[in-house]
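As a plain string of letters, each chain reads:
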Amino acid sequence: MLQGSETFLIRSSEDVVLARQQVRARAIAQGFSLVDQTKLVTAASELARNTLQYGGGGVMHVEVLTEGVRRGVRLVFEDQGPGIPDVSQALRDGYSSGGGLGLGLGGAKRLANEFSIESSPGAGTRVMIARWR
Amino acid sequence: MERIPILKMGNYLLVTIQVDMHDRLAMTLQDDLTAKIVTHHSRAVLIDISALEMVDSFIGRMLANIAAMSRVLDAETVVVGMRPAVAITLVELGMPLKGVRTALNVEQGMALLQTSLAARDREDAPGF
């Protein structure tokens, strides 16, 4: 069940910090343990940075999830950037096109319970992660 | 410009990171620290991250870079105070911070640096 979604702009490295803080606040409100909060916030930080660096900026949608007694948080990062030509390559650890460590996408996937990515050259990138309490 | 303060204490440089750093601030700290090691002839750097609620791959890389650069400049670095949740997350992220010496708190970090500097002094001393 969807309890409403909020959208935040990611246009600068300060926005990445604000995105982390918003995600932290939602995770706390959902009763996440400290370790679960930290994992979700860290994944959000990696994906927000990707949105900024590779996507040229974009947005983060934050949704609070309730499914019976389960509580979760879903994050969607969207940009209108150049897109990723080879998604499976981009998910591999150590692969980077931007001078980073190449841990961003694969790391975020490992830190989340659910992960999906849609991207094609010229059509931007959309990455979804969800983590449950 | 926003900066993380670096304290000089004898041969040591001390840094306590108390804010949620954006990427440019992390890069500035890396540059400032390497510059100060050279100007002050510092032999050791202690970085306290006990206030950090999150270390992602960018901040992790900054810590690894500082450790590597200070080593090249003949100084030693120790990172202290990492929170357990941060440690768990870093390893899962795929960034176990190889090459970065760590200690549980400032006191143990200082002790580690003192022992290590003393050992280096003995090696450097002329033999009998």
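Shown above is the structure to which this text applies.
These remarks concern the structure in this document. This structure is a prediction, so every number in the text was calculated from the model and none was measured.

The rules behind these values
- Residues numbered from 1 in each chain as written.
- Chains lettered and ligands numbered in written order.
- Predicted model: local features only at pLDDT ≥ 70, side-chain atom pairs only at ≥ 80, totals over all residues.
- Heavy atoms only, no water.
- Helix = DSSP H or I, 4+ residues; strand = E, 2+ residues; numbered from the N terminus.
- Rg over C-alpha atoms; globule rule 2.2 N^0.38 Å.
- Buried < 20%, exposed > 50% of the residue type's maximum accessible area, 1.4 Å probe, protein only.
- Contact = heavy atoms within 4.5 Å.
- Areas by Shrake-Rupley, 256 points an atom, 1.4 Å probe, with all protein chains shown as cover.
- Lys, Arg positive; Asp, Glu negative; His and termini not counted.
- Charge placed at Lys NZ, Arg CZ, Asp CG, Glu CD.
- Buried area = accessible area lost by both parts, 1.4 Å probe.
- Nonpolar A, V, L, I, M, F, W, Y, C, P; charged D, E, K, R; others polar.
- Salt bridge = Lys/Arg side-chain N within 4 Å of Asp/Glu carboxyl O.
- Core = buried A, V, L, I, M, F, W, Y, C linked by side-chain atoms within 4.5 Å.
- 1 Å grid on protein atoms, 1.4 Å probe; cavity = no way out; pocket = protein on both sides within 12 Å on 5 of 7 lines; lining within 4 Å.
- Points joined across faces, edges and corners; volume = space filled by probe spheres on them.

Details of the overall build of chain B
When helices and strands are counted, chain B shows four helices and five strands. A compact globule built from 128 residues should have a C-alpha radius of gyration of about 14 Å, and chain B, at 15 Å, falls within 12% of that. Counting the 128 residues in chain B, one finds 48% classified as buried. Counted over contacts in chain B with a minimum sequence separation of 6, partners at least 24 positions apart contribute 71%.

As for the overall build of chain A
In terms of regular secondary structure, chain A is built from four helices and five strands. The order of helices and strands in chain A, counted from the N terminus, is β-α-α-β-β-α-α-β-β. Expressed as lengths along the three principal axes of its C-alpha atoms, the size of chain A is roughly 40 × 25 × 25 Å. Taking all 133 residues of chain A together, the buried fraction comes to 53%. Taking as baseline every contact in chain A between residues at least 6 positions apart, the subset at least 24 positions apart corresponds to 62%. Surface exposure of chain A reaches about 5,900 Å², of which carbon and sulfur atoms provide 51%. Mean positive and mean negative side-chain charge positions of chain A (15 and 13 charges, respectively) differ by 6 Å.

With respect to unusual backbone geometry
Backbone geometry places H41 of chain B, a non-glycine residue, at a positive phi of 50°. H41 of chain B sits in the exposed class, given a relative accessible area of 62%.

Quick look at the interface of chain A and chain B
In this complex, chain A contributes 23 residues to the contact, which on the side of chain B involves 20 residues. Summing both sides of the interface, chain A and chain B together bury roughly 2,000 Å²; the carbon and sulfur share of this comes to 54%. For the side of chain A that touches chain B, the secondary structure elements donating two or more residues are α1 (13-29), α2 (34-53) and α4 (104-111) of chain A. Per-element accounting of the side of chain A that touches chain B gives the leading share, nine residues, to α2 of chain A. In the side of chain A that touches chain B, the residues fall into eight nonpolar, eight polar and seven charged.

Considering the pattern of salt bridges
If you walk through the whole model with that rule in mind, you get 19 salt bridges over all chains. In this structure, the salt-bridge partner of E6 of chain A is R26 of chain A, at a minimum N-O distance of 2.2 Å. Residue E6 of chain A is located in strand β1 (residues 2-10), and its partner R26 of chain A is located in helix α1; the two are separated by 20 residues in the primary sequence. By relative accessible area, R26 of chain A is classed as buried at 14%. E53 of chain B is paired through a salt bridge with R24 of chain A; the nearest N and O atoms lie 3.8 Å apart. With E53 of chain B in the loop between β3 (44-48) and α2 (57-72) and R24 of chain A in helix α1, the pair connects residues from two separate chains.

A word on the nonpolar core
Counting 59 residues, the largest nonpolar core has L75 of chain A together with I17, M21, L29, L33, I47 and M62 of chain B as the members making the most contacts within it. Excluding residues that lie within four positions of it along the chain, I47 of chain B makes contacts with V15, I17, L33, L63, I66, T77, V78, V79 and V80 of chain B. Within the second largest apolar cluster, 10 residues are counted, among which are L14, V80, L113 and L117 of chain B.

A short note on the layout of surface pockets
The computed volume of the second largest pocket comes to approximately 170 Å³. For the second largest pocket, the full set of lining residues is R20, Q21, R24 and V41 of chain A together with Q18, V19, D20, A51, L52, E53 and M54 of chain B. A total of three residues in the lining of the second largest pocket trace back to one element, the largest contributor, which is α1 of chain A. In terms of residue class, the lining of the second largest pocket is made up of five nonpolar, two polar and four charged.

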